Amino acid sequence: MILAYTKNIDYILKGKEAESKIEVYALFMETAYDKQMKNECYHLQKDRNYEIDWFRIAPYKLLAKPTYYTAMRCILINSFAFLTIIYDESDTIKSDEVENEILRSHPNFIKLNRGNKAVLKKDKTFWLETFETNKVLRDNFLVKRKSKKDDVIKIIQLSREEIENKDYSQIVYAKKSYLGNKEDLEDSYQTFEISVDGYNDEKRELYQIKEFQEYIKGVVDKFPDLIWGLNLEFPFFQVLVGAYVNDNTILEKDNPSREIKINKERLLDLQLKCFTGINKLTNMYAFDLSKNIELTEKFKKNLFKVLKIVD
């Protein structure tokens, strides 16, 4: 069968005239399955931490018609199934016999013609058949792969001007872009870092500067669920905590003091608002409770670490 492809390399790669007679049939697969099948088959899950095997290619044969030299391949791309046939001159089978047999077995296949549009029909049986065949021949296809964490960090760069003007447009944009639905939330879990520009000539810490303290209070008050995406291991979380709970404001920019005075009411308020934000997202999108517990414990651990509080 390799010869059938070799003769038609220019057709496949360059779109030139084919030396052989070639036909392509297509249908739209309805991935119908029950709950048990969904649990068995990892690529039906929407968790992006798993590899997706939605591209497959394999040889196939007609059950009622012998084909000795004709090359036949089944190609699955997402929800589309394609049957490709390269006819060989020495094969006695005729194209109309192949078409009749394909349509007898799977009447929803449509033969594609170059330059013409085709309306594909939904079909449930073909996907189920490929699923069952795959389950028998390649059990590893159904096994969950090792979970991968996306290591891409999403940076929010805040300018001094934005902070002084209490401009939260970048925070709003980040929320809409990365925390807008369940899949985005899964991808953006603990991947945000915020950096601040424009305070290089300051000897004060950010958490001691009045306009920065006010800005952070606004972030926590308006967007407490941002804590879902803000990586608590990164330095900005420490600055956020310091600015929100600090009762000490230093006005002179040349003051090198590191003093911080914890306002206990604001400390409790910070925890309440962040925990509420976590619970809100967990309940809204029906996340597993383990996500809530994990993030809550991480928040407490890093909060107490910043403030040197013993739990």
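Data block above holds the structure.
Residues numbered from 1 in each chain as written. Predicted model: local features only at pLDDT ≥ 70, side-chain atom pairs only at ≥ 80, totals over all residues. Heavy atoms only, no water.

**With respect to the overall build of the chain**
Here is step 1: Regarding its fold elements, the chain presents 12 helices and 8 strands.
Here is step 2: Split into buried and exposed, the 311 residues of the chain put 38% on the buried side.
Here is step 3: Looking at the chain alone, contacts between residues at least 24 apart form 69% of all its contacts between residues at least 6 apart.
Here is step 4: Total accessible area on the chain stands at roughly 18600 Å², and carbon and sulfur atoms take up 53% of it. (Helix = DSSP H or I, 4+ residues; strand = E, 2+ residues; numbered from the N terminus. Buried < 20%, exposed > 50% of the residue type's maximum accessible area, 1.4 Å probe, protein only. Contact = heavy atoms within 4.5 Å. Areas by Shrake-Rupley, 256 points an atom, 1.4 Å probe, with all protein chains shown as cover.)

**What about the nonpolar core?**
General note: in soluble globular proteins, nonpolar side chains tend to be found buried as a group.
Here is step 1: Counting 45 residues, the largest nonpolar core has F212 and L270 as its most contacted members.
Here is step 2: Secondary structure elements with two or more residues in this core: β7 (154–159), α7 (169–178), β8 (192–197), α9 (210–222), α10 (235–245), α11 (264–284) and α12 (289–307).
Here is step 3: Of all the elements, α10 adds the most residues to this core, at 8 residues.
Here is step 4: The contacts of L270, once residues within four sequence positions are left out, are V220, L240, V241, Y244, V245, F299 and L303.
Here is step 5: With 18 residues, the next largest nonpolar core counts Y25, L27, L83 and I102 among its residues. (Core = buried A, V, L, I, M, F, W, Y, C linked by side-chain atoms within 4.5 Å.)

**A look at a nonpolar patch on the surface**
Here is step 1: The grouping of I9, I12 and L13 at the surface amounts to a nonpolar patch, some 310 Å² of accessible area in total.
Here is step 2: Residue position: I9 is located in helix α2 (residues 9–14). (Patch = residues over 30% accessible without salt bridge, like charges linked within 9 Å, V, L, I, M, F, W, Y side chains within 5 Å. Salt bridge = Lys/Arg side-chain N within 4 Å of Asp/Glu carboxyl O.)

**Quick look at the packing of aromatic side chains**
Here is step 1: Counting across every chain of the model gives 11 aromatic pairs.
Here is step 2: With 5.2 Å between their ring centres and 85° between their planes, F109 and F126 make a pair best called edge-to-face. Here F126 lies in helix α5 (residues 125–137) and F109 lies in the loop between α4 (95–105) and β5 (110–112), a separation of 17 residues in the sequence.
Here is step 3: For F126, a relative accessible area of 7% corresponds to the buried category. (Phe/Tyr/Trp six-rings, centres within 6.5 Å; stacked < 30°, edge-to-face > 60°.)

**Quick look at α9**
Here is step 1: Between its first and last C-alpha atoms α9 spans 18 Å; for 13 residues at 1.5 Å apiece the expected length is 18 Å, and the two agree.
Here is step 2: Those residues of α9 lying buried are F212, Q213, Y215, I216, K217, G218, V219 and V220. (Expected span 1.5 Å × (residues − 1).)

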